[in-house]
Amino acid sequence: GGFGTRRQQQQAESRFRHCTSEAAMASESRLEEAHLMLVGPSSSEEDLPPVQHKRALKVLTFGCLAAFVGFAGAGLDRWLAMPAQSARSGAATNSQGLFLDEFGGGGRACMDYSGVKLAESGVTRVLWPACSKKWSEDCSSTGCCADVGMKCYQKNSDWSTCMAGCSSKDPQNESWTCNIIDSPEPRTSKTCHDRCRADSTCLLAIYNADCSGSCSFSQESQSEVVWASNNFNSTICGPEGSASELKVVVDKVTAQLPFEQPLLPIQSCSWGGEDCSQTKCCNEVLCDEKFTSCFAYSCYKKTEYFSGCRSDAPPPDWVGTWLGGGREHRSIGPAGQQVAVQGTSLYCFSVINWNTPAPKPFWDTEAQLANNIKAHGVSILQCDGNDFYDGVPTPTAAWGSFSNIDAFQQIWKIVQAKGAYKNFDWTVKVDADAVFIPSRLKMHLDKLRTPRGARVYLENTNFQFKFMGALEVLTREALELFLENGHTCIRGEHSGGEDFFMKGCMDAIGVDHQSDSDLLRDKYAAQDGPCTDGWAVAFHFHKKISSWNWCYNEAVCGVGYPPCPEGLQT
């Protein structure tokens, strides 16, 4: 990732000692270089400069590979000159997730590829028994638990089970020793690797960290990547001297990376008034005024021919059988290290009512705020693509916001017609009174690691419904689904803000989400105060140019006045 901590230096030194065996002497000078760069004469706890650390890792990794596979000389120099590559750029290097081991274990050569599951074929056997389920199964022999947060506690010599905690007396007043029973051997990827290397019949081992760890052996090796996730590790082994053959496998595996994670299927649910007999789930959600609690509608059977979604219990003349509840509010986790991730190019736009007066006399108009942004080339103008769209007047609420569902439905149609969003990975709608810093958003997106092609919007704050309209961020694929099906969410009378409507609509039509509550600091969410949070992407609202510029200076300079070279005049 860029910096070498003392712990990473110690790990590198350990690998250096491992590599500098007799078989690695041909590359000793390269390894010595890596040793000095990573460990060095100093014992300082301070991080190494990122460029030095990255080069040292390349030297060390390639030094090991050179000893095993025969790379040397000009080939090494060319490799060292290559720029770092990542899954985001669509390529993976041989060093990514790779560890070759040709020492010990009878001289067999083995290769690990972390974050990857290879296809299994031939005779397959499971190394360890499945971990025990909580409360109901005896874990005396397994010493591990399938459920998260559980440990195997002993009651007596005849019974142990998985629980979150243990007391010497249980509710039935029976005694427990509460001794913790561990697995006979560590259920880790290293154990799986070592056991395969020691077994002459094992050519492929697949380790899965889920459910406290599993390991399976196959008598045939494969190079086909069937899944990629950080919980997997694949080990390929061969007889002594087979490292060059393993290098061929490495190249075949690497050619399939980054792995394109399949899109999750869209769940189809029903609206109120529609028959939910087949979908057995409902789209509507009922929330209280402050969104402290929300309840999904449920699907009940009315007759043999019709079932409907209701927020309350069915009346007596319904059959009343409960068929299902609300649709899953599906969250997408970060992609694994070998999975292709969404890029970070941004198409940003703001909607401006150019001729509308300010909601309050002491505020500036939207046109004035937008022209200030244009004059300084900041906010959405710092995105990879940007546009200002003409707004339409909408009724003004007492707090100065707008009731704007229908207006934004028209705006999204204009965005669709222009089609500029298709050229970028993410679309971002930004209010003109929000101080927005696109470069920070890209840093957040790097951290989120959204799987490439995922239909995802970002929850942007930990307040009420968690999607406030000052900063709406969604992938190109999510926007395409919304533009195609969003009209189906207009059902009878509707009022309120477009942000709550849009979030509910995206949930209903099958757009998934990721959560990042640090994206937006909003006064509507009682998040007032200075704009000195160095991780926040946007600060809302600042409806006077002087306030907007002052906040921008606090964000990029650390103080509102005097401005730094990147700041604005206040």
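Residue positions within a chain follow its written sequence, with the count starting from 1. The predicted origin of the model limits local features to residues at a pLDDT of at least 70 and limits the giving and counting of side-chain atom pairs to 80 or more, whereas totals for whole chains, interfaces and linings rest on all residues. In computing side-chain values, all of the structure's heavy atoms are included and hydrogens and water are not.

Remarks on the overall build of the protein
Part 1 of the reasoning: Helix and strand content of the protein: 12 helices and 22 strands.
Part 2 of the reasoning: We call a residue buried when its accessible area falls under 20% of the maximum for its residue type, exposed when it is over 50%, and partly exposed in between, using a 1.4 Å probe and counting protein chains only. Relative to its full complement of 570 residues, the protein shows a buried share of 48%.
Part 3 of the reasoning: Whether two residues touch is decided by their heavy atoms; if any such pair falls within 4.5 Å, the residues are in contact. Long-range pairs, those at least 24 residues apart, make up 67% of the contacts in the protein with a sequence separation of at least 6.
Part 4 of the reasoning: Every accessible area reported is derived by Shrake-Rupley at a probe size of 1.4 Å, with residue values counting cover from the shown protein chains alone. Carbon and sulfur atoms make up 52% of the accessible area of the protein, which amounts to about 27,200 Å² in all. Numbering goes from the N terminus for both helices and strands, where a helix is a DSSP run of H or I of at least four residues and a strand is a run of E of at least two.

Focus on empty space enclosed by the protein
Part 1 of the reasoning: Definitions used throughout: a 1 Å grid over protein atoms alone; a cavity as a set of points that fits a 1.4 Å probe which cannot get out; a pocket as an open set with protein on both sides within 12 Å along at least five of seven lines; a lining residue as one with an atom within 4 Å of a point. Grid points are joined across faces, edges and corners, and a volume is the space filled by probe spheres set on the points. Within the structure shown, the criterion is met by one cavity of 30 Å³ or more.
Part 2 of the reasoning: In this structure, the largest cavity occupies an estimated 70 Å³ of space.
Part 3 of the reasoning: If you go around the largest cavity, the residues you meet are Arg521, Lys523, Gln527, Asp528, Gly529, Pro530, Cys531, Phe539, His540, Phe541 and His542.
Part 4 of the reasoning: Any residue outside Ala, Val, Leu, Ile, Met, Phe, Trp, Tyr, Cys, Pro, Asp, Glu, Lys and Arg is labelled polar, Gly included; the first ten of those are nonpolar and the last four are charged. Looking at side-chain class alone, the lining of the largest cavity contains four nonpolar, four polar and three charged residues.

Thoughts on the sheet that holds strand E21 (residues 520–522)
Part 1 of the reasoning: Any two strands with at least two DSSP bridges between them are considered paired. Strands sit in the order E17-E22-E21 across an open sheet of three strands; the sheet is mixed. Every other strand in the sheet has two partners, leaving strand E17 (435–436) and E21 as the edge strands with one partner each.
Part 2 of the reasoning: When E21 meets strand E22 (residues 538–540), the two strands line up parallel, connected through three bridges. Bridging across to E22, Asp522 finds its partner in His540.

As for the side chain of Asp433
Part 1 of the reasoning: Position of Asp433 relative to the elements: it lies in the loop between strand E16 (426–430) and E17.
Part 2 of the reasoning: Note on Asp433: relative accessible area 8%, which makes it buried.

Section: the side chain of Arg197
Part 1 of the reasoning: Take Arg197: it is sitting in helix H5 (residues 189–198).
Part 2 of the reasoning: Since its relative accessible area comes to 11%, Arg197 is described here as buried.
Part 3 of the reasoning: Whenever a nitrogen or oxygen atom comes within 3.5 Å of another N or O atom, the pair is scored as a polar contact, on the condition that within protein one atom can donate a hydrogen and the other can accept it, and that pairs from neighbouring residues in sequence are kept only if both atoms are in side chains. Here Asp194 takes part through its side chain, which lies 3.3 Å from a polar atom of the side chain of Arg197.

So, the packing of helix H7 (residues 366–376) against helix H12 (residues 545–557)
Part 1 of the reasoning: Contact pair H7 / H12: the axes reach a minimum separation of 10 Å and the direction vectors enclose 40°. One finds that H7 runs oblique with respect to H12. Crossing geometry of H7 relative to H12 is assigned as right-handed. Of the residues in H12, those touching H7 at Gln368, Leu369, Asn372, Ile373 and His376 are Ile545, Trp548 and Asn549.
Part 2 of the reasoning: The class makeup of the residues in the contact of H7 with H12 is four nonpolar, four polar and no charged. Only the stretch in contact is used when a helix axis is fitted, and all axes are lines through C-alpha atoms; the angle between N-to-C directions ranges over 0 to 180 degrees. Any angle between 65 and 115 degrees counts as roughly perpendicular, while under 35 counts as roughly parallel, over 145 as roughly antiparallel, and the rest as oblique. The handedness criterion is simple: a crossing whose near helix is rotated anticlockwise from the far helix by less than a right angle is left-handed, and one whose near helix is rotated clockwise is right-handed.

Quick word on the nonpolar core
Part 1 of the reasoning: Core analysis: the largest hydrophobic core is formed by 42 residues, its most contacted members being Leu346, Val428, Phe436, Leu441, Leu458, Leu471 and Trp548.
Part 2 of the reasoning: At four residues, H12 tops the list of elements feeding residues into this core.
Part 3 of the reasoning: What Leu441 contacts, discounting residues up to four positions off in sequence, is Leu346, Val428, Phe436, Val473, Leu519 and Val537.
Part 4 of the reasoning: Ala420, Phe465, Phe467 and Phe501 belong to the second largest nonpolar core, which has 31 residues in total. What we call a nonpolar core is a set of buried Ala, Val, Leu, Ile, Met, Phe, Trp, Tyr and Cys residues that are connected through their side-chain atoms within 4.5 Å.

Structural notes on the environment of Tyr305
Part 1 of the reasoning: You can see Tyr305 is positioned in the loop between strand E11 (298–301) and strand E12 (307–310).
Part 2 of the reasoning: The class of Tyr305 is exposed, set by a relative accessible area of 67%.
Part 3 of the reasoning: In this structure, the C-alpha to C-alpha distance between Tyr305 and Asp275, residues 30 residues apart in sequence, is 8.7 Å.

Quick notes on the packing of aromatic side chains
Part 1 of the reasoning: Any two of the Phe, Tyr and Trp rings considered here, Trp counted by its six-membered ring, make a pair once their centres fall within 6.5 Å; the pair's planes then place it as stacked at under 30 degrees, edge-to-face at over 60, or tilted in between. The final tally for this structure, using the stated rule, is 16 aromatic pairs.
Part 2 of the reasoning: Here Trp354 and Phe388 contribute two aromatic rings whose centre-to-centre distance is 6.3 Å and whose plane-to-plane angle is 65°, an arrangement assigned as edge-to-face. Taken as a pair, Trp354 in the loop between strand E14 (346–352) and H7 and Phe388 in strand E15 (residues 385–390) lie far apart in primary sequence, 34 residues in all.
Part 3 of the reasoning: Between the aromatic rings of Trp548 and Tyr552, the centroid separation amounts to 5.9 Å while the plane-to-plane angle is 10°, which identifies the pairing as stacked. With Trp548 and Tyr552 both in helix H12 and four residues apart, the pair spans about one turn of that helix.
Part 4 of the reasoning: Under the relative-accessibility criterion, Trp548 is labelled buried at 0%.
Part 5 of the reasoning: Assessed through its relative accessible area of 6%, Tyr552 is described here as buried.
Part 6 of the reasoning: Both a distance and an angle decide whether a charge sits over a ring: NZ of Lys or CZ of Arg must be within 6 Å of the ring centre and within 35 degrees of the ring normal. Lying across the ring of Trp318, Arg310 places its NZ or CZ 5.1 Å from the centre.

Considerations on unusual backbone geometry
Part 1 of the reasoning: For the bond from Leu257 to Pro258, the omega torsion is 0°, close enough to zero to count as cis.
Part 2 of the reasoning: Note on placement: Pro258 falls in the loop between helix H6 (243–255) and strand E9 (285–287).
Part 3 of the reasoning: Phe541 follows His540 through a cis peptide bond whose omega is 0°.
Part 4 of the reasoning: With phi around 55°, Cys211 is a residue other than glycine that occupies positive phi space.
Part 5 of the reasoning: Among the secondary structure elements, Cys211 is positioned in the loop between strand E6 (204–208) and strand E7 (214–218).

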